[in-house]
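Residue strings, one per chain:
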Amino acid sequence: MTEPHRRAIPRTVTDVLLWLLATDVAAAHQPQPDAPDRCANLRCTGQAYPCPPARDAHRARQTSTRPTLPARGRARVAAPVARFAGWFRPTPAQPTPLARAA
């Protein structure tokens with residue numbers, strides 16, 4: 001029997017195995033219905049929710065997907081501020097002394 005969270009893998013997933021493992025762990029570590037601040041998994045008896053496995057599963061699920069790309073289009077760049085204007089003055093080129101053949 002397939003678990004419902006394993007039916008559809010999002011298109012943004014880049015690491016399928018990591019994503020599947022993360023969703024399995026997240027599904028196993030849900031809050032208790034009568035005490036939503038406690039984990040219902042027997043391995044986490046008495047631990048606050050989200051327990052360390054649930055937090056790790058959340059991070060693994062984020063890691064297994066590629067980030068959402070920003071909107072396409074032209075980037076707007078602000079004009080640079082002339083902070084160093086007038087600090088440096090061009091110096092005249094110094095002639096290089098020619099070596100005389102002796």
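These remarks concern the structure in this document. Given the structure is predicted, the values throughout are model-derived calculations rather than measurements. (Residues numbered from 1 in each chain as written. Predicted model: local features only at pLDDT ≥ 70, side-chain atom pairs only at ≥ 80, totals over all residues. Heavy atoms only, no water.)

### A short note on unusual backbone geometry
With omega at 5 degrees, the peptide bond leading from Tyr49 into Pro50 counts as cis. Relative to the elements of secondary structure, Pro50 occurs in the loop between helix H1 (16-28) and helix H2 (52-63). (Helix = DSSP H or I, 4+ residues; strand = E, 2+ residues; numbered from the N terminus.)

### As for the pattern of salt bridges
Throughout the structure, instances matching the rule amount to one salt bridge. Ionic pairing is found between Asp56 and Arg59, a salt bridge with its closest N-O pair at 2.3 Å. Here Asp56 and its partner Arg59 are both found in helix H2, three residues apart, which amounts to about one turn of the helix. (Salt bridge = Lys/Arg side-chain N within 4 Å of Asp/Glu carboxyl O.)

### Some words on the state of the cysteines
Counted under the stated rule, the structure contains zero disulfides. No disulfide involves Cys39; its sulfur sits 3.6 Å from that of Cys51, the nearest cysteine. With relative accessibility at 1%, the residue Cys39 sits in the buried group. (Disulfide = S-S within 2.5 Å. Buried < 20%, exposed > 50% of the residue type's maximum accessible area, 1.4 Å probe, protein only.)

### So, H2
Between its first and last C-alpha, H2 extends 16 Å over 12 residues, near the 16 Å set by a 1.5 Å rise per residue. Of all the positions in H2, only Ala54, Ala57 and Ala60 are classed as buried. Down the axis of H2, the buried set is contained in an arc of 120 degrees. They therefore lie on one face. The inward-facing, buried residues of H2 contact H1. (Expected span 1.5 Å × (residues − 1). Arc of directions from axis to C-beta. Contact = heavy atoms within 4.5 Å.)

### Remarks on H1
With 13 residues, H1 ought to run about 18 Å at 1.5 Å a step, and its terminal C-alpha atoms sit 18 Å apart, in line with that. Taken together, the buried positions of H1 are Trp19, Leu20, Ala22, Thr23 and Ala26. Projection of H1 onto a plane perpendicular to its axis shows the buried side chains occupying an angular sector of 165 degrees, all on one side. Residues of H1 that are exposed and angled more than 90 degrees away from the buried face: Leu17 and Leu21.

### What about the environment of Pro67?
One can find Pro67 in the segment after H2. A residue is classified by how much of its surface remains accessible, and Pro67, at 63% relative accessible area, is exposed. When the C-alpha positions of Pro67 and Thr12 are compared, they lie 7.8 Å apart, and in sequence the two are 55 residues distant.

### Side note on the packing of H1 against H2
Contact geometry of H1 with H2 gives a least axis separation of 8 Å together with a crossing angle of 150 degrees. Here H1 is positioned roughly antiparallel relative to H2, judged by the angle of their axes. The hand of the H1/H2 crossing is left-handed. Contacts from Leu18, Trp19, Ala22, Thr23, Val25 and Ala26 of H1 reach H2 at Pro53, Ala57, Ala60, Arg61 and Thr63. Counted by class, the contact of H1 with H2 contains eight nonpolar, two polar and one charged residues. (Axes fitted to C-alpha atoms, helices over the stretch in contact; angles between N-to-C directions. Parallel < 35°, antiparallel > 145°, perpendicular 65-115°, else oblique. Left-handed = near helix turned anticlockwise from the far one by under 90°. Nonpolar A, V, L, I, M, F, W, Y, C, P; charged D, E, K, R; others polar.)

These results come straight from atomic positions and should not be treated as a statement about function.
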